[in-house]
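Next come the chains, spelled out residue by residue.
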Amino acid sequence: MRLIDQDEVRERLTYEVAIPIVRAAMIALSSGQTRQHLRSIIPLADGRMFGIMPGALGERGAFGAKLISIFPENFALGQPSHQGVVILFDPDSGAPICVAHAGEVTAIRTAAASAVATDALARPEARRLAILGYGEQAEAHLRALRHVRPIDHVTVWGRSPERARAFAARMAAETGLPVVAAMEVEGAVAQADIICTVSGAQEPILKGAWVAPGTHLNLVGSSRPGPVEVDEDLVAACRFIADSREGVLAQGAEFLNARASGRVRDDHVVGEIGQVLSGALAGRQSAEQITAYKSLGHIVQDLASVQALLSGRA
């Protein structure tokens, strides 16, 4: 059985490689070629969680699962908040054939998925990026989105101004871009063409009144019912597209809150990004429309990434 550790995942699963893999996985999911169950999440003490995500790359394709722990306090300790393994099984023998570092796979494929959605939904001329959050996914999203849009300015906001400034300095040095820390969310998003919410917020930090027409949103930080990053006004104002419609209807907290208050119905989730990519569903319908991609992440993205690593395609 092959073991692929964190360093190897990081070295080989580049965004040039990951973005096309994730794009294909999204199309396959929306066309019914792959299968997955909703994630199961077991709450632990102190806000920690253990998640289980099973799936299959088709009836006769490789199958497997991701087992992952989420320890939010790890970030402050300089350790990954998401840790675990992706296990891939052989479709012919049923034997486990590969174990890969789930934290690194998750970080890369999540940002790659947002890049795919941004490429499909953001205005072609979009250049100004706002990131709400300064953790692992904030770094990953900045790196990934540069592959699909000519980003020339970045604003970051986080609850700790000191950490936001440190993120801005670090990423400016890495990318050569002007990366500026904002003191308030409203100021951070005021001129943004693309907004990525990648925070651990429990209550809305982004309000619809602050988002300009024509903006594209990647809603990433909340992956279960409960915590929300954006308010109901913003959900209602968006053309709302899911990575998995079934997943968002069951576990997409921002949508669930807006539905519970009567602001939207199930049909507000107009479809999946895989349908947009295949041409089965219209994405952005006008330059003024606000588009939102709700990312929960699905196991077929992980399995497709690990399969590519195992086969040498990555």
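Structure report, in brief. (Residues numbered from 1 in each chain as written. Predicted model: local features only at pLDDT ≥ 70, side-chain atom pairs only at ≥ 80, totals over all residues. Heavy atoms only, no water.)

Moving on: the pairing of strand β11 (residues 194-197). Of the two faces of β11, the one carrying Ile-194 and Cys-196 and the one carrying Ile-195 and Thr-197 are both buried. As judged from the four bridges shared by strand β8 (residues 128-132) and β11, these two strands associate in the parallel manner. Looking across to β11, one finds that Leu-129 is bridged to Ile-194. (Buried < 20%, exposed > 50% of the residue type's maximum accessible area, 1.4 Å probe, protein only. Helix = DSSP H or I, 4+ residues; strand = E, 2+ residues; numbered from the N terminus. Pairing = 2+ DSSP bridges.)

Glancing now at the sheet that holds strand β13 (residues 239-242). To summarise the sheet geometry, strands pair through backbone hydrogen bonds and adopt either a parallel or an antiparallel arrangement. The eight strands are arranged β10-β9-β8-β11-β12-β15-β13-β14 in an open sheet whose pairing can be described as parallel. Pairing within the sheet leaves two strands with one partner each, and these edge strands are β10 (179-181) and β14 (269-272). Pairs of neighbouring strands in the sheet enclose a mean axial angle of 20°, with direction left out of account. With four bridges joining them, β11 and strand β12 (residues 216-219) adopt parallel strand pairing. (Axes fitted to C-alpha atoms, helices over the stretch in contact; angles between N-to-C directions.)

Time to look at the side chain of Ser-199. Locating Ser-199 in the fold gives a position in the loop between β11 and β12. Within the structure, the side chain of Ser-199 is placed 2.7 Å from the side chain of Glu-229, a separation counted as a polar contact. Setting aside residues no more than four positions away along its own chain, Ser-199 makes contact with Leu-132, Gly-133, Ile-205, Gly-221 and Glu-229. (Polar contact = N/O pair within 3.5 Å; in protein donor to acceptor, adjacent residues only side chain to side chain. Contact = heavy atoms within 4.5 Å.)

Helix length check: helix α3 (residues 102-121), at 20 residues, gives a terminal C-alpha distance of 28 Å against a target of 28 Å (1.5 Å per residue), a fit within 8%. The buried count for α3 comes to 18 of 20 residues, which makes it a mostly enclosed element. (Expected span 1.5 Å × (residues − 1).)

Turning next to the nonpolar core. Counting residues in each nonpolar core, the largest one holds 69 residues, and the members touching the most others are Leu-129 and Ile-273. Of the residues forming this core, the biggest block, 10 residues, is contributed by α3. Those residues in contact with Ile-273, other than ones at most four positions away along the chain, are Met-26, Ala-117, Ala-120, Leu-121, Ile-241, Ala-242, Asp-243 and Tyr-293. Counting 31 residues, the second largest nonpolar core, distinct from the first, contains Trp-157, Leu-219, Leu-249 and Ile-290. (Core = buried A, V, L, I, M, F, W, Y, C linked by side-chain atoms within 4.5 Å.)

Our next topic: helix α5 (residues 161-175). In a regular helix each residue adds 1.5 Å, so 15 residues correspond to 21 Å; α5 covers 21 Å between its end C-alpha atoms and thus fits that length. Tucked inside the fold, the buried residues of α5 contact β8, α4 (136-145), β9 (153-157) and β10. Phi turns positive, to about 80°, at Gly-176, one or two residues after α5.

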